[in-house]
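Fold and contact review
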Amino acid sequence: NSTANFGVGAFLLAACEMVRYAPESPVLQNVYARHTFSLNGSWRAIVDPFDNGFYDYRLKENPNGFFKNQKMRDKSDLVEYNFDTAQQLMVPGDWNTQNDKLFFYEGSVWYKKDFMYNKKADTRVYLYFGAVNYLANVYLNGEKVGVHEGGFTPFYFDVTDKLREGDNFVVLRVNNERKPEGVPTVNSDWWNYGGITRDVLLVETPEVSVDDYLVQLPKGKYNEITGYVKLSKPVPGVKIQIRIPELKITQTLTTDEQGKAAFACKAKPQLWSPENPKLYAVEVRNGSEVLEDKIGFRQIETKGKSLLLNGKQTFLRGISIHEEAPYRQGRVYSKEESLLLLNWAKELGCNFVRLAHYPHNEHMVRAAEEMGLMVWSEIPVYWTIHWDNPDTYHNASAQLNDMMERDKNRCSVIIWSVANETPHSDARDNFLARLAKQVRNKDNTRLLSMAMEVTGTKNNISQVKDYMSEYVDIISFNNYLGWYGGTPEDCKTRQWDIPYDKPFFISEFGGGALQGLHGDKTERWTEEYQEELYKNTLDMYNRVDGFAGTSPWILMDFRSTRRQLNGIQDFFNRKGVISERGVRKKAFYVLQDFYRSKKAEYE
Ligand code: GCB
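Cut-offs and rules
- Residues numbered from 1 in each chain as written.
- Predicted model: local features only at pLDDT ≥ 70, side-chain atom pairs only at ≥ 80, totals over all residues.
- Heavy atoms only, no water.
- Helix = DSSP H or I, 4+ residues; strand = E, 2+ residues; numbered from the N terminus.
- Rg over C-alpha atoms; globule rule 2.2 N^0.38 Å.
- Areas by Shrake-Rupley, 256 points an atom, 1.4 Å probe, with all protein chains shown as cover.
- Lys, Arg positive; Asp, Glu negative; His and termini not counted.
- Charge placed at Lys NZ, Arg CZ, Asp CG, Glu CD.
- Domains from an automatic or database assignment.
- Contact = heavy atoms within 4.5 Å.
- Buried area = accessible area lost by both parts, 1.4 Å probe.
- Salt bridge = Lys/Arg side-chain N within 4 Å of Asp/Glu carboxyl O.
- Nonpolar A, V, L, I, M, F, W, Y, C, P; charged D, E, K, R; others polar.
- Pairing = 2+ DSSP bridges.
- Axes fitted to C-alpha atoms, helices over the stretch in contact; angles between N-to-C directions.
- Phe/Tyr/Trp six-rings, centres within 6.5 Å; stacked < 30°, edge-to-face > 60°.
- Buried < 20%, exposed > 50% of the residue type's maximum accessible area, 1.4 Å probe, protein only.
- Polar contact = N/O pair within 3.5 Å; in protein donor to acceptor, adjacent residues only side chain to side chain.
- Expected span 1.5 Å × (residues − 1).
- Parallel < 35°, antiparallel > 145°, perpendicular 65-115°, else oblique.
- Left-handed = near helix turned anticlockwise from the far one by under 90°.
- Disulfide = S-S within 2.5 Å.
- Near = heavy atom within 4 Å.
- pLDDT = per-residue confidence, 0-100.

Each helix and strand counted, the protein has seven helices and 33 strands in total. Against the 2.2 N^0.38 benchmark of 25 Å for 603 residues, the protein shows a C-alpha radius of gyration of 25 Å, consistent with a compact globule. Judged by the C-alpha coordinates and their principal axes, the protein covers about 75 × 60 × 45 Å. Summed over its atoms, the accessible surface of the protein is roughly 23,500 Å², and 49% of this surface lies on carbon and sulfur atoms. Each charge class in the protein can be summarised by its mean position, and for the 76 positive and 80 negative side chains these summaries are 3 Å apart.

As a further point, take the domain arrangement of the protein. Along its sequence, the protein is carved into domain 1 (3-206), domain 2 (220-298) and domain 3 (303-602). When each unit is reduced to the centre of its C-alpha atoms, the spacing between domain 1 and domain 3 is 32 Å. Contact residues are listed per partner, giving 39 residues for domain 1 and 46 residues for domain 3. When domain 1 packs against domain 3, the two sides together hide about 3,600 Å² of surface, and 58% of this comes from carbon and sulfur. Together, Val183, Asp189 and Trp190 form the three largest contributors to the area buried by domain 1 at its contact with domain 3, with a combined 21%. Summed over the shared surface of domain 1 and domain 3, the result is two salt bridges. Arg198 serves as the salt-bridge partner of Glu323, at 3.2 Å between the closest nitrogen and oxygen. For the side of domain 1 that touches domain 3, the secondary-structure elements that each account for two or more residues are α1 (7-16) and β7 (143-149). Per element, the largest residue contribution to the side of domain 1 that touches domain 3 is three residues, and it comes from α1. For the side of domain 1 that touches domain 3, the per-class residue count stands at 19 nonpolar, 14 polar and six charged.

We now examine the sheet that holds strand β29 (residues 495-497). The three strands are arranged β26-β27-β29 in an open sheet whose pairing can be described as mixed. Each edge of the open sheet is held by one strand with a lone partner, namely β26 (456-458) and β29. Between one strand and the next, the sheet's axes are offset by a mean angle of 25°, whatever the strand orientation. Where β26 lies against strand β27 (residues 461-463), three bridges are found, and the strand directions are antiparallel. Within β27, the residue paired with Gly456 across the bridge is Gln463.

This brings us to the packing of aromatic side chains. Within this structure, the stated rule accounts for 44 aromatic pairs. With 4.0 Å between their ring centres and 25° between their planes, Phe66 and Tyr81 make a pair best called stacked. Here Phe66 is found in the loop between β2 (41-48) and β3 (87-91), whereas its partner Tyr81 is found in the loop between β2 and β3, with 15 residues between them in sequence. For the pair shown, Phe66 and Tyr81 are each scored as buried.

Burial of strand β16 (residues 280-286) is extensive: five of the seven residues sit out of reach of the surface. Here three bridges tie strand β13 (residues 239-244) to β16, and the two strands are oriented antiparallel to one another. Within β16, the residue paired with Ile242 across the bridge is Val284.

Attention shifts here to the side chain of Ser320. In this structure, Ser320 sits in strand β21 (residues 316-321). Among the polar contacts made by the side chain of Ser320, one reaches the main-chain carbonyl oxygen of Ser507 at a distance of 3.4 Å. In this view, Ser320 contacts Arg354, Ser507, Glu508, Ser551, Pro552, Trp553, Ile554 and Leu555; residues no more than four positions away in its chain are not counted.

Take helix α7 (residues 586-602) next. The first and last C-alpha atoms of α7 sit 25 Å apart over 17 residues, in line with the 24 Å expected at 1.5 Å per residue. Considering only its buried residues, α7 is in contact with β21, α2 (335-348), α6 (527-542) and β31 (547-550).

The interhelical angle for the contact between helix α4 (residues 390-407) and helix α5 (residues 426-442), taken along N-to-C directions, is 25°, at an axis separation of 11 Å. One finds that α4 runs roughly parallel with respect to α5. For the crossing formed where α4 meets α5, the hand is right-handed. For the pair formed by α4 and α5, the contact residues are Thr392, Tyr393, Ala396, Ser397, Leu400, Asn401, Met404 and Glu405 on the first element and Phe431, Arg434, Leu435, Gln438, Val439 and Lys442 on the second. Tallied by class, the residues present in the contact of α4 with α5 amount to seven nonpolar, four polar and three charged.

Applying the stated criterion across every chain, the model contains zero disulfides. Cysteine Cys265 remains unbridged, with the sulfur of Cys411 as its closest cysteine sulfur at 17 Å. Among the residues examined, Cys265 registers a relative accessible area of 10% and is labelled buried. Overall, the relative accessible area of 4% leaves Cys411 in the buried class.

This next bit is on the site of the ligand. Residues in close proximity to the ligand total 14 residues, the closest being Asp189, Tyr382, Glu421, Tyr484 and Lys575. Between the ligand and Tyr480, the relevant distance is 3.3 Å, taken from an oxygen atom to a side-chain nitrogen or oxygen of the residue. A distance of 2.5 Å is found between an oxygen atom of the ligand and a side-chain nitrogen or oxygen belonging to Lys575. Here the ligand loses 97% of its free accessible area of 320 Å² to cover by the protein chains. Residue composition of the shell around the ligand, grouped by class: five nonpolar, four polar and five charged.

Let's shift gears to the sheet that holds strand β1 (residues 35-38). The strand order across the open sheet built from four strands is β1-β10-β5-β8, with neighbouring strands paired in antiparallel fashion. Each edge of the sheet is formed by a strand with only one pairing partner; in this case those strands are β1 and β8 (155-158). Going across the sheet, the axis of each strand differs from the next one's by a mean of 25°, ignoring polarity. In this structure, β1 lies alongside strand β10 (residues 200-206), joined through four bridges in antiparallel fashion.

Right, let's talk about the environment of Gly166 for a bit. Structurally, Gly166 is set in strand β9 (residues 166-175). Taking C-alpha positions, Gly166 is 8.0 Å from Phe115, a pair spaced 51 residues apart along the chain. Discounting chain neighbours no more than four positions away, the residues touching Gly166 are Phe115, Met116 and Tyr117.

As a general rule, the predicted coordinates of low-pLDDT regions are not to be interpreted in detail. On average, the protein scores 95 in pLDDT, and the residues at 70 or more come to 96%. Contacts for the low-pLDDT stretch residues 1-24, under 50 throughout, to residues beyond four places or in other chains number 46 contacts.

By the definition in use, this model includes 49 salt bridges. Note that Asp443 is salt-bridged to Arg446, the shortest N-O span being 2.7 Å. Comparing Asp443 with Arg446 shows no difference in burial state: the two are buried. Sharing partners across several salt bridges, the network here consists of Arg124, Asp158, Asp161, Glu207 and Lys233.

Spelled out as structure tokens, the structure:
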């Protein structure tokens, strides 16, 4: 667990540099409730395609790399870089959409930010990154702090001893080169946005602080709230108070030898649901340290082919979403832009969103919760990654861990997904089975799934018989009948064989349409084709027993390097039901109608 917080890169380096990467294992649950200083804003940036700031001319790591932030001492001095005159990039933000020259860029960029800090007694300070895509080498005041691999999960380092009174500077080498052994691997259908893509914070905590907590309904129970708190250090005898004022709960806990304390108390909270997204103010107090959260309570389970929310059968009226900003493109990092996307989902009539194909920023998950949207959260184990490579496994496992840690108090998250469209092999099955076990060991209050595929079609009957089906709670699969194979007409007769006593969920279907392009419903890329495909697909699955929901691909057109067709795609995947400029296509209204009728059916 401790190494997982620092990702695989840090783990590998830890072996050779024990001191620098000694496991610290903070979780920093609910970072936004803590005492923080934002390091967002304008950063200096040096583009470094050959990693000249990292390696010397013998390709050895240069102990005087750009992280030293050297300045000319006199006029004869030779320093071949200068952060102070370098271009500026906004953080958070991907570099691709901030500078035309960086649109397709994949490589290293050095970032630097100056800041003032006044040191305080009895305080630990963490340098926190919401996410950096993909590899981050972090330095403070010219010293190495740590390394993190993986583009969509938070990480942090204890920098208390490296901070100086007054002026400080932080430098990052951010590298977004795709690597075959990476997670994701070299091939994916989205833009490889590079940069410091989420918030950067300095987090101050007391010397011994509450670094983690969990508050939830235990599996299957409605009249009890359970959970735990954990200190940043194994200090026994510390009194921690948990309060849920609205429920008149005040629990005073005393930590054990590990600095942990568990609790359970009788309570009958109003349940969270899309119709009533009730959240309770929760307060965790450790002396003067107070963490405030809003937490909802619900049960999600399956029974035979049914999916039950709070014991009541439900249908997931979903949509898949990439973390891509409307109008401007680039990565979403703010609550405002998260709301834009989620409001569209609400307008469609959704009660569920699939946040594909990687953990989205924390604002997105929290906003979904406030709005009454259930969430599918996924790690980028996407297509054909290196199933046999132990480093790849550790990387995926660390990302899974960090996703679950960050969002474990979010009742909106009902499904942890460990993969998308992965090809069967023994190595893959073994890899995914281990991830599935990891989910089960950590959390029994949510469902486990993965987006699988059709395994065969014979006599017009498509079968979904993936070996991973025994591991999941809900059989999810992506299928593009009518787009990548066949025509929308074929949906009218296609039969389905899904031989499990579990609900099934269509995690993707869809087809491309250029918004504003009209024609006959058999003509590709027209809104009419996409509209027909939506009608026929929804009718088709609606005839199959156990159909528990869908998250069509996708809410909005999004940038993809794989989509090159001139005049139509222009590097956009056009399967959105809304264009990247926010214009609804005809299929939007088909889905909206369908969800209206589903809502009525289930109420
Ligand atoms: C898929 C993938 C998704 C792609 C989509 C497509 O099955 O899961 O990432 O973007 O198909 O448009 O081909």
